[in-house]
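Coordinate inspection notes
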Amino acid sequence: MTPPRRPRPHPPEPPSGPPTSAPPSSVAPARPDKPAMKTRRAPRGRSFSSRNPTVIGAIGLVVIGALLWASFNASKLPIIGGGTVYSAQFSEAAGL
């Protein structure tokens, strides 16, 4: 049987109040004309397991259907495959 663990001691808290020494010269002082940047956390949504599975399944089927439709009609799009098509018929192509 192992002995019970002792709790770790907490690190000492930094002293409160104004700093006792000036910042090093390599650190730029804070600019009073520019407000400090605030960081934002990304909003957290609900997990998929807590949502209605019927709605998630329907959305998934719609997305799959849209991808299938886009893949079968990609040749009609101007950027992917529907540009100008050139064709020619040569009576003699010996010099090509």
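Structure first, text after, so check above.
Computed from a predicted structure; not experimentally measured. (Residues numbered from 1 in each chain as written. Predicted model: local features only at pLDDT ≥ 70, side-chain atom pairs only at ≥ 80, totals over all residues. Heavy atoms only, no water.)

**A closer look at the overall build of the chain**
Each helix and strand counted, the chain has 1 helix and 0 strands in total. Burial status across the chain gives 2% buried among its 96 residues. Carbon together with sulfur atoms contributes 63% to the accessible area of the chain, which is approximately 10,800 Å² in total. (Helix = DSSP H or I, 4+ residues; strand = E, 2+ residues; numbered from the N terminus. Buried < 20%, exposed > 50% of the residue type's maximum accessible area, 1.4 Å probe, protein only. Areas by Shrake-Rupley, 256 points an atom, 1.4 Å probe, with all protein chains shown as cover.)

**Focus: a nonpolar patch on the surface**
Taken together, Val 55, Ile 59, Val 63 and Leu 67 make up a surface patch of nonpolar side chains, about 370 Å² in accessible area. When you line up the elements, Ile 59 lands in helix α1 (residues 53-72). (Patch = residues over 30% accessible without salt bridge, like charges linked within 9 Å, V, L, I, M, F, W, Y side chains within 5 Å. Salt bridge = Lys/Arg side-chain N within 4 Å of Asp/Glu carboxyl O.)

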